[in-house]
Structure formats: structure tokens, C-alpha cells
Amino acid sequence: MTDGRTTRVATSVTPGGEPAGPPRTYGSIVWGQLKKRPSAMVSLAFIVLLALAAILAPFIGGEVPIRWVEGGEASWPIFRCLTNGEYVAMVAFLLGALLPITIRLVRPGAEQVGASPMLRALAIHAAVLAVVAGLLFGMREPERSYGFYLERADEAETAWFPLIAYPRNPGFSELPFKEQPPSWLGWLAPESYPPGSWAHPLGTGRIGDDVLIRILYGARTALNIGFVAVGISLAIGVLLGAISGNFGGWVDLVLMRVAEIVMSIPRLILIIIMITVIPERWIPPIWTVVLVLGVTGWTGTYRLMRAELFRIRGEDYMTAARALGVRTGRLLIRHAIPNGLAPILVGATFGIAGAVFLEVTLAFLGLVQTPSWGMMLNDGRQHLEYWWLWVTSGSAIFLTVFAYNLLGEGIRDAIDPRLRI
Amino acid sequence: MTETTTDTLLAVNGLTTRFFTEEGVSRAVEEVSFQIPRGGTVALVGESGCGKTVTALSILRLVPDPPGRIVAGAVHLDGTDLLTLPGDAMRRVRGNRISMIFQEPMTSLNPVFTVGDQVLEALLLHTDVDRAEGRRRTVDMLRKVGIPDPERRLDEYPHQMSGGMRQRVMIAISLVCGPELLIADEPTTALDVTIQAQILDLLRDLQADLGMSVLLITHDLGVVAEMARHVAVMYLGRIVEEADIRDLFDRPLHPYTVGLFRSRPTLQHRERLASIPGLVPSPMAVPSGCSFHPRCPLSDGERCVRERPPLETKHAAHSVACWHADRVAEVRDRGEGLYET
């Protein structure tokens, strides 16, 4: 990392010693490097699109119409049926996308008082999200009846259905459509679809369920697990690592032993035990998985952060900060941790890929009854001739994990000064 | 730089700091005593590893513990003993009443914050100003230390500045709260000669301006001559000679001090430089008696090896710890060199 600093001096200061252009933060330099790596950018785009599709799943496939006009009366049923969680996710995505604009808006005001525009914008967005979430969960009750819109489609003057107008949870009426190949390959099953139909772009499953809809809802599970589990383990790992590396001595000794004990726990088996032991009405199994993954997955982050702190605590700027009278907590959080976060980011990206894999494994073993790619893969395993079942879910798993790994590798290269391009 | 008052701001008494490592006890600072007058400058001079920096860190109680520990002594700032102050009160002293600048301007600024942020942090830590007012004072301070266009450079990151500029920022950070004492640990060692002169001028001007005291730590006798009124020479953790600057330069009484002066080039004597023979022993194994005896040309091999000479006042404000200080004076009066060239 020391190399990194000197290289940055060389890249951003012209020979005359005058700074080139506006202040460049470490983040903006890494982002600039990342942008030059096509594989990382494609992966990032894939992940963002996947997240967007997962959030907007009810608009892509489902039985609740977006607009419904019956007897001259227009309504927007889907907005009554979306859950509060779905609304919060949409707002969060929107706020994330709007972050660069907010940063630009608050920049003049923040610079007036020397605050970081990025942190201000983040704080504003976090506050907005918190208010929205609070209002939604406090005041809104989503409609649970789906109103049999699909069956009554003829009664409406206008009915705008999602792209795939098909029930998310199929009943008896859908059973005849089970195990149909992708509909655009209509010539494979001419008795079911006219050739070129887009009714079920990825085919149907064992109970007549639409595969694309299941892929989308499975993506929700995969992304959720990845982000939340890695978020928990990051928080634990960074904090304990910083404490361990900064104080050393017996604190480090004890924490390192704890980490070694946690490392030696077989996670899969622990998860299986926890799912069995904890009653479903206390914590749904999927959250048990997230919790166990988070609480056992911090050791890698911990060891990285600890090693970073061993380096950082000897740096002159730490002594300088101490000589200024900065107290230990602030010294750690404000001065030490930001200097050691870069390698953590890489670990986190790979961590998400790992968590997705584990969740899929659990679902494949049938331990979690949440819509999941792993469960679909298991369905497909039993009927290999229905290839669209395992090809789609397998590809989804492969592409997502691959994208996270490529992105992680891209970030790692971007923060490595020896690989600057 | 005239001393308006002669009362003492900082009094260090018998300060002893040791490092307890697995290889043994390192005696970094042994029974060091000196005083810094209000508004005055005292220099600590010596080779690398002689305990200058540890002395400074001990005053601020920043010696890394473990392995280091201040085992004895007292540091009185205006009558309060800093070594017995509770942690919170000590934090209020650091950066506020006593601040410190470091040798390496390249590494002593935090790379992830703008320089403005770092000056502001010092202000926010010790004063009640709000951010807007703090920003204004930061700009003022940066202008005072000679940073051109401070409103703009405030938002730059350390890596965008040259070494000299960064050292100016360090000075701004340490002076923004108006400390009574500034500890400058080799403030110019890492800089170009021309920049060195600028920084020293700046420090002198600011000192006169703010009326603070300075403890200057350096191995560069040229810097000492330019900055300090009073000098203490350290060898292996102990002060071996202490005098006013003129006196020390004209009549050094310790063989080590003589050697230090002889090993720097001058334009008058364009002859080979004399070096002090041998190496500085490890502070883990300090020689018996006078710790300089293994390298000293005047060592008598008996008393020097057995007994440690005390720091004795020879004449007005000139103390030396040597059994043979009189012979040093004799040799000089005969116009001979103590060391072979």
C-alpha cells in the first residue's frame, strides 16, 4: 500500500509539483481504474441489472395487473399488492442510482464547511430511506387478495398485465402446463404453444410454474443472502480486526483464538443444525442461514483488517493524530479503518459469491423452503430430460457467482498500484 | 527572537524511559533533565538512536506501551506534572498546549483526508468552534504557514502536495490551537536544503508571532545554530553536555561534542573530516562508567570505565558530564585536534 501512495503521487501530480485537476480521492482513482477493465464493468452491469430485475419481479411476471379498468373505473392493483419490503427495495435502488446527482448538489454547500460531499449525500439518502421505510411499515398494509384478475381478464375493459401474465404460485389450473419447454421454441411442443410464443420464455416447471418468474424470485433470495450475510460479517470482521491489530497483546491473542475456533466450525453442518433446532416461527430458516453465514463468515475480513492495522498503527500519521489528542475510538474509526478498507472490499465481493453458493447448496439439499435457484436445480436433477429446469437455474448460479468473482478481481487489480493501466 | 520572560514553561526532571523487549531492556532515555523557558527555544542534539525522539514522545506520553514505559522522572508543564495527569486531561494537553511536528511530512499526514480536514480536526478537538468558523480559521492558518491559495488547496489530499507544502500543513495542524510548546522532531531533515531554510524561517517567524516555546530535536548543527538559544547534547539516552549556543560552539567541553563538531564540513577548514571512531553501542548494552568511554580519545581506561561522570556545571549555564572536561579545554587551547583526521 505504501507503493500505492507513491504511485499516486506520481500519477496525479505534474512534474512541476502543481496538482493536476480537481482533488482526486482514493475512491475516484480506484473507480477510474475499474472503468478501464471491461470484465469488471460487464460484471458490475450484470449484477446491477440482476438486482433491478429481482426488485421489479412483480412487474415482469405475475398475476396482478398494473392497470385495471372495469366498469369505467380505473385502478392500479399492483401498487396495492406490492409488499412494504418491495417498496423499500425499490426506493433504495432509486436512491442508489441518484447518489451521484445528490453528491453534485450538496458539493458546494459541503465544501463551504469542509465536509465530505459523498458522506453528506449518503447521510441524506439514508435518512430518506429510513423515513420511507418507517412510513411504509408504520402506515401501510399491503393487499393480500390477488382478486383473480387473470380469470376475470375478459371482464375488464383494459388490463395491463406484467410481461408474463401468469400466477407466481400456480394452482390446479396451471397443472396442465407443467414441464413445458421454453415457449419461443414452440416447435418443440406444438400442442402447447404456437411457434414463437413468449408466454413462458424459459419454460415451466414441475407444477406448471413459470421458470423465469422463479429465477427472478430466486435472484432475490441469492442477492439478499449475499448482501446481508456479507454485511454482517464485514461489520464484525472490520471492528474486531481493527481492535485486535491496534491493541495487540492479550486482546489480539484472545480474538485470534476466537477467530481460529470459528474458522474450524463446519458452516454447512452448523447451518443444518441451527435450521433444525430453531423453530420456524421464531426465525424463518432463510434468516437462520443469513445469520449463521454472517456470524461465522467474519474471520477472513478479521484477519485482513488485523494485518492492515499492524501496518497502519506504526504509520507516522497515527502518531501524529495521537499527538493531536485524538482519542482511541476516534483514532481507530476515523484514522485507521479507512486506510485499511481497500483489501476488505475485494474480500467482500468474493464473500458475496461464496454466500450465494452456500445458499444454493442448502436449497439444493432441500433445507430451505424459499424460492431459490438451488431448489430449481434440484427439481431439474430429478428430470434431466426437462433440460430447461437445470440449464436456467444452473446458468443463473454460474453467471452470478462468476460476475461477483470477476468484479472482485477487477477491484483487486484496480487497487493494486503495480497493475495500473 | 528575544526572550521576553525568563520563567520556565516546561521542566523535565530525571526522565527515564525504557523499552522492555524480549531481547532485553533498552535504556532509551536515562535521567534526562532540562528546562524550556517560556518563548524560548531549546535544542536536543545527537546522533540517530540517542533518545531524542523518545524524549519528545515521553513528554507527550506517546511512547508505545508495550514495550516502552516511562519508569521515572517528572515533566512539569507550568507546574503540572504531565506524567501523573489522567488520560483525559493529557489528551487535552496534546495538540492544544503541546503539539508536535514530525520528521517525515510524506507519511505524517493521513492519506485519506484532505489537508483542510486534518487542520480542522485539531481545531474541533480542542475548541468549541463550529465547522464554518473552523473552516475560516483553517484558511487563515494555512495562509499563515505560507500555503498559496489556501481556499483551494484546503480540499487537496496530501499526495497532491510537495514535501515542503506538506510540512507547512503539519505546522499548520500543530499550531492552529495556539500551543505554548511546539516539539519539532527533525522538522527539516526530509526536505531539500532550500526548503529547509524556508521552513526554519517560517518556524522562527511563527514563534515570534505566537510567543510559543520550541523544543527542537535535530542532528543538524546548522539548524541548531539558526534556531536555538540553548542546546543539550545527548549520547546514548543521557545528556552529556548542555550550554548556551555560543558557548557550546566556541568551547565544547565533552569529547563527544567536539567530535560532533569536527565531523561536519566547514568552508574554513577544507581538510578531511574527522569521524568519531567506533559505532554507537546498542542501548541494550550501555557501556559501564561513562558510556562514551569505548570511543573516547581521552578515556583513561580506569575511572571512565568504572564511574559515570555526573552532569556538572562548569561555568555559567554550561554543564558537562565528563571526568576530563578540563583536558578537552586544554587541548583546544593548544590548538590541537582531539580526533585524528
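Just so we're clear, the structure is a prediction, and the values are computed from it rather than from any experiment.

1. Quick word on the overall build of chain B
- The helix and strand tally for chain B stands at 12 helices and 12 strands.
- Taken over C-alpha atoms, the radius of gyration comes to 21 Å for chain B, in line with the 20 Å a tight globule of 341 residues would show.
- For chain B, the spread of C-alpha atoms along the three principal axes comes to 65 × 45 × 40 Å.
- Burial statistics for chain B: of 341 residues in total, 49% are counted as buried.

2. With respect to the overall build of chain A
- A count of helices and strands for chain A gives 16 helices and five strands.
- Residues counted as buried form 37% of the 421 residues belonging to chain A.
- Taking the intrachain contacts of chain A between residues at least 6 apart in sequence as the baseline, contacts between residues at least 24 apart amount to 69%.

3. Here's the deal with unusual backbone geometry
All names here are of chain B.
- At Asp149, a residue that is not glycine, the phi angle is positive and equals roughly 55°.
- Along the polypeptide, Asp149 turns up in the loop between helix H4 (131-144) and helix H5 (150-153).
- Of note, Leu236 is a non-glycine position whose phi angle comes to about 50°, a positive value.
- Looking at the secondary structure, you find Leu236 in the loop between strand S9 (230-235) and strand S10 (238-244).

4. Quick look at the nonpolar core
- Residues Val119(B), Ala172(B) and Leu215(B) are the most contacted members of the largest nonpolar core, which totals 170 residues.
- Sort the elements by how many residues they give to this core and helix H14 (residues 328-364) of chain A lands first, with 16 residues.
- Sequence-distant contacts of Ala172(B), that is, excluding residues within four places in its chain, are made with Val119(B), Met141(B), Leu142(B) and Val145(B).
- In terms of nonpolar packing, the next biggest core, distinct from the first, is built from five residues, Val64(A), Trp68(A), Ile78(A) and Cys81(A) among them.

5. Examining the packing of helix H8 (residues 211-247) of chain A against helix H11 (residues 285-296) of chain A
All names here are of chain A.
- Interhelical geometry of H8 versus H11 gives an angle of 35° and a closest axis separation of 7 Å. For the pair H8 and H11, the sense of crossing is right-handed. Between H8, through Thr221, Ile225, Val228, Ala229, Ile232 and Ser233, and H11, the contact on the second element is made entirely by Ile286, Val289, Val290, Leu293, Gly294 and Val295.
- Residues of the contact of H8 with H11, tallied by class, amount to nine nonpolar, three polar and no charged.

6. Some details on the domain arrangement of chain B
Residues and elements named next belong to chain B.
- Each domain of chain B was delimited in the assignment, giving domain 1 (8-233) and domain 2 (236-333).
- Its C-alpha centre places domain 1 at a distance of 28 Å from the equivalent point of domain 2.
- In this assembly, 23 residues from domain 1 lie in contact with 22 residues from domain 2.
- Looking at the side of domain 1 that touches domain 2, the elements with two or more residues in it are strand S2 (24-37), helix H8 (221-227) and S9.
- Sort the elements by how many residues they give to the side of domain 1 that touches domain 2 and S2 lands first, with nine residues.
- Here the residues of the side of domain 1 that touches domain 2 are counted per class, giving 12 nonpolar, five polar and six charged.

7. Details of the sheet that holds strand S2 (residues 67-70) of chain A
Residue and element names in this part refer to chain A.
- Read across the sheet, three strands follow the order S3-S2-S4 without closing on themselves; strand pairing throughout is antiparallel. Looking at which strands have only one partner, the edges of the open sheet turn out to be strand S3 (73-75) and strand S4 (158-160). When strand polarity is set aside, the average angle formed by the axes of neighbouring strands in this sheet is 15°.

8. Points about the packing of helix H6 (residues 163-175) of chain B against helix H7 (residues 193-210) of chain B
Residue and element names in this part refer to chain B.
- Remark: H6 packs on H7, axes separated minimally by 10 Å, with the N-to-C direction vectors making an angle of 15°. One finds that H6 runs roughly parallel with respect to H7. Seen along the crossing, H6 lies across H7 with a hand that is right-handed. Contact with H6, carried on its side by Gly163, Gly164, Gln167, Ile171 and Leu175, involves Ile195, Gln198, Ile199, Leu202, Leu206 and Leu210 of H7 and no other residues of that element.

9. Describing the pairing of strand S11 (residues 312-315) of chain B
- Sheet topology note: the S11(B)/strand S12 (residues 318-320) of chain B ladder contains three bridges and is antiparallel. When the sheet's bridge partners are listed, His315(B) is paired in S12(B) with His318(B).

10. Section: H4(B)
All names here are of chain B.
- Compared with the 20 Å implied by 1.5 Å per residue over 14 residues, the 19 Å span of H4 between its first and last C-alpha is a close match.
- Buried residues of H4: Gly134, Arg135, Thr138, Met141 and Leu142, and no others. What you see down the axis of H4 is that its buried residues fit within an arc of 125°, all on one side. Turned more than 90 degrees from where H4 packs its buried face, Ala132, Arg136 and Asp140 sit exposed.
- On its buried face, H4 is in contact with helix H3 (115-126), H5 and H6.
- A positive phi of about 85° marks Gly146, the residue just after H4.

11. Digging into the environment of Met165(B)
- Position of Met165(B) among the secondary structure elements: in helix H6.
- Overall, Met165(B) belongs to the buried group, with 22 C-beta atoms counted inside 10 Å.

12. Here we look at the sheet that holds strand S1 (residues 8-21) of chain B
- Spatial strand order, S2-S1-S4-S5 (chain B): four strands in an open sheet with antiparallel pairing. With one partner strand each, in any of the chains shown, S2 and strand S5 (80-81) of chain B form the two edges of the open sheet.

13. Side note on the pairing of S2(A)
Residues and elements named next belong to chain A.
- Pairing of S2 with S4 involves three bridges; the strand directions are antiparallel. Opposite Arg67, over in S4, you have Trp160 as the bridge partner.
- Note that S2 and S3 share three bridges and pair antiparallel. Within S3, the position partnered with Val69 by the bridge is Ala74.
- Between S2 and S3, which pair antiparallel one after the other, the connecting turn spans two residues, and Gly71 there sits at a positive phi close to 60°.

14. Re the confidence of the model for chain B
All names here are of chain B.
- Here chain B averages 84 in pLDDT, while 95% of its residues score no lower than 70.
- Here residues 1-5 is modelled with pLDDT under 50, and outside its nearest four sequence neighbours on either side it reaches nine contacts, counting other chains as well.
- For this predicted complex, the interface confidence score (ipTM) comes to 0.81, while the overall pTM stands at 0.76.

15. As for the confidence of the model for chain A
- Mean pLDDT for chain A: 82, with 87% of residues reaching 70 or above.
- Every residue in residues 1-21 of chain A scores below 50 in pLDDT, and together they form 20 contacts with partners more than four places removed in sequence or on other chains.

16. Observations regarding the environment of Asp316(A)
- With respect to the secondary-structure elements, Asp316(A) resides in helix H13 (residues 316-323).
- Residue Asp316(A) is classed as partly exposed on the basis of its 17 C-beta neighbours within 10 Å.
- Contacts of Asp316(A), omitting those with residues within four sequence positions, involve Phe102(B), Glu104(B), Thr107(B) and Ser108(B).

Calculation notes
- Residues numbered from 1 in each chain as written.
- Chains lettered and ligands numbered in written order.
- Predicted model: local features only at pLDDT ≥ 70, side-chain atom pairs only at ≥ 80, totals over all residues.
- Helix = DSSP H or I, 4+ residues; strand = E, 2+ residues; numbered from the N terminus.
- Rg over C-alpha atoms; globule rule 2.2 N^0.38 Å.
- Buried ≥ 20, exposed ≤ 12 C-beta atoms within 10 Å, placed from the backbone.
- Contact = placed C-beta atoms within 7 Å.
- Core = buried A, V, L, I, M, F, W, Y, C linked by C-beta atoms within 7 Å.
- Axes fitted to C-alpha atoms, helices over the stretch in contact; angles between N-to-C directions.
- Left-handed = near helix turned anticlockwise from the far one by under 90°.
- Nonpolar A, V, L, I, M, F, W, Y, C, P; charged D, E, K, R; others polar.
- Domains from an automatic or database assignment.
- Pairing = 2+ DSSP bridges.
- Parallel < 35°, antiparallel > 145°, perpendicular 65-115°, else oblique.
- Expected span 1.5 Å × (residues − 1).
- Arc of directions from axis to C-beta.
- pLDDT = per-residue confidence, 0-100.

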